[in-house]
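# Descriptive analysis of the structure
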Amino acid sequence: MTDFLVIVALAALGAALAGVLAAPAVRVLRRRSVALSLFAVAVLAVAAMAAGTVAVAQAMFLSGHDLGVVMAVVAVSGVVSLAAALLFGRRIAAGSRELARAARTVGSEGGFVAPAVPPTAELAALSRALEETSGRLAEARERERALDASRRDLIAGISHDLRTPLAGLRAMAEALEDGVAEDTARYHARMRIEVDRLAAMVDDLFELSRIQAGALALTLSRVSVYDLVDDALAGAGPLARASGVRLVDGGVAPLPVRVDAQQITRVLGNLLVNAIRATPADGTVAVSARHERGRVVLAVEDGCGGIPPEDLPRVFDTGWRGGAARTPRADGKGGAGLGLAIVRGIVEAHEGRATVCNAGSGCRFEVELPAAEPQGDAPAA
């Protein structure tokens, strides 16, 4: 047992001595190529093994022939180990260089293309992470392009919508100033209408900017959907009568929701105004509410004739105008293409969802809101 401990101690001493002598080299190479670092580690391992073996062989007083055999075995093993470490290190270094070249394509138009066979699991994981990052960057770039296009459309649309009432106001003001207006009261009334249009567009822009900035403050309370619909119908009634459109009850149940009543009334008002303007005279606009899978679904169905399928995904985009059936009219009763964008922003702020589809002779806009828990004598869903 004592001889065995002595042999172990000598082997450990020889390996430790080799490690101490190689330590400075390892520190110098720690920021160099991974291939060189792996080779240096292999050299350290071989040197430690050889030093321990030689120390033990000397202590055992082996014959010259036996010592030569041991040294030959150590030398061959060391050479094979160093060659394997060198080849493996070169393979890892080549894989790293290939991954570095591929990483330069992250964020490019073509996107990141991962190397075919990364040499290690760590490089494969890094390659997957870069591929995911490239995908997210591509999605962000597409969203930015869509936002830029939407912003350009919005600016162009708002410029056109502002130009029309401003030109009318200027002409009427000049007519009044020159004294050529025969019916001044009619001119004043028309000027008031145009000013109201401008004020409404400015209010919509301000509201949309608050929504997009995440600064929309909600005051939540428990209310009945029936009351929300009733308030919205009362506000849209005059426009419906002036347009010859009938507002009908499609089945509104007194379902409880916890929402900002003022904001949801605005949502319903925007949907109703949009539907009334898009529906021809003698048409109908139906409003309904139902309970579905823990959600309250409000629906407004019009008779606009439908929206082309390729336009449906863009309906709630800022500044969307659509086809002739939903384009602002020359009589000044159109909008600036902000109403539906405001609808989506308010609904999503309530953790809800706004959707649209073609149904019957027109479109069906649906707003999903979380249902409130029944309390006391509150109307049950």
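As the structure is a prediction and not an experimental result, all values here were calculated from the model.

With that settled, the discussion passes to the overall build of the chain. Within the chain, the secondary structure is distributed over eight helices and seven strands. When burial is assessed residue by residue, the chain has 34% of its 381 residues classed as buried. Across the chain, contacts joining residues at least 24 apart in sequence account for 73% of those joining residues at least 6 apart. For the chain, the exposed area adds up to about 21900 Å²; of that, 60% sits on carbon and sulfur atoms.

Here we come to the packing of aromatic side chains. Overall, the coordinates contain one aromatic pair when judged by the stated rule. Seen in terms of ring centroids, F316 and F365 are 6.0 Å apart; in terms of plane orientation they differ by 85°. Their pairing is edge-to-face. With F316 in the loop between β5 (295-301) and α8 (339-349) and F365 in strand β7 (residues 362-370), the pair connects residues that are 49 residues apart, well separated along the chain. Given a relative accessible area of 2%, F365 falls into the buried group.

Now for the pairing of strand β6 (residues 353-359). Of the pairings in the sheet, the one linking β6 to β7 comprises seven bridges and is antiparallel in character. What sits directly across from A359, in β7, is G362. The loop that links β6 with its antiparallel partner β7 comprises two residues; one of these, G360, has a positive phi angle of about 60°.

What follows is about the packing of helix α5 (residues 184-212) against α8. Orientation of α5 relative to α8, taken along the N-to-C sense of each, is 35°, at an axis distance of 10 Å. Handedness of the crossing formed by α5 with α8: left-handed. From α5, D204, E207, L208 and I211 reach across to α8, where they touch A341, I342, G345 and I346. The residue makeup of the contact of α5 with α8, split by class, is five nonpolar, one polar and two charged.

We now examine helix α7 (residues 261-278). Counted at 1.5 Å a residue, the expected span for α7 with its 18 residues is 26 Å, and the 26 Å between its end C-alpha atoms agrees. Turning to α7, its buried residues number three or more, namely Q263, I264, V267, L268, G269, N270, L271, L272, A275, I276 and A278. One side-chain oxygen at the N-terminal end of α7 lies 3.2 Å from the backbone nitrogen of Q262; it belongs to D260.

To continue, consider the nonpolar core. In terms of nonpolar packing, the biggest core is built from 48 residues, with V225, L271, L298, F316 and F365 touching the most fellow members. Sorting elements by how many residues they give to this core places α7 first, with eight residues. When residues are assigned to domains, this core turns out to be shared by domain 2 (146-213) and domain 3 (221-370), each giving three or more. Beyond its immediate stretch of four places on either side in the chain, F316 contacts L340, A341, V343, R344, A354, T355, V356 and F365. Among the nonpolar cores identified, the runner-up in size contains eight residues, and M172, A175, Y187 and M191 belong to it.

Strand pairing in a sheet takes place through backbone hydrogen bonds and is either antiparallel or parallel in direction. In spatial order, the strands read β2-β4-β5-β7-β6; together these five strands make up an open sheet with mixed pairing. The open sheet has two edge strands with one neighbour each: β2 (246-252) and β6. Averaged over neighbouring strand pairs, the angle between their axes works out to 20° when direction is ignored. Sheet topology places strand β4 (residues 284-292) next to β5; seven bridges connect them, and they run antiparallel. Residue pairing for β5: H291 is matched across the bridge by V296. In the packing of helix α6 (residues 225-243) onto the sheet, the strands contacted are β2, β4 and β5, and the crossing angle to β2 comes to about 170°.

According to UniProt, the positions carrying the feature "transmembrane region" (unreviewed entry) are residues 38-62 and 69-89. Structurally, residues 69-89 is divided into 100% helix and 0% strand, and its ends, taken at the C-alpha atoms, are 30 Å apart.

Below, the discussion takes up unusual backbone geometry. Positive phi, close to 70°, is recorded for D282, a residue that is not glycine. Here D282 is to be found in the loop between α7 and β4. Of note, R293 is a non-glycine position whose phi angle comes to about 50°, a positive value.

Rules used in this analysis
- Residues numbered from 1 in each chain as written.
- Predicted model: local features only at pLDDT ≥ 70, side-chain atom pairs only at ≥ 80, totals over all residues.
- Heavy atoms only, no water.
- Helix = DSSP H or I, 4+ residues; strand = E, 2+ residues; numbered from the N terminus.
- Buried < 20%, exposed > 50% of the residue type's maximum accessible area, 1.4 Å probe, protein only.
- Contact = heavy atoms within 4.5 Å.
- Areas by Shrake-Rupley, 256 points an atom, 1.4 Å probe, with all protein chains shown as cover.
- Phe/Tyr/Trp six-rings, centres within 6.5 Å; stacked < 30°, edge-to-face > 60°.
- Pairing = 2+ DSSP bridges.
- Axes fitted to C-alpha atoms, helices over the stretch in contact; angles between N-to-C directions.
- Left-handed = near helix turned anticlockwise from the far one by under 90°.
- Nonpolar A, V, L, I, M, F, W, Y, C, P; charged D, E, K, R; others polar.
- Expected span 1.5 Å × (residues − 1).
- Polar contact = N/O pair within 3.5 Å; in protein donor to acceptor, adjacent residues only side chain to side chain.
- Core = buried A, V, L, I, M, F, W, Y, C linked by side-chain atoms within 4.5 Å.
- Domains from an automatic or database assignment.
- UniProt positions renumbered as here; feature names shortened; annotations may be inferred.

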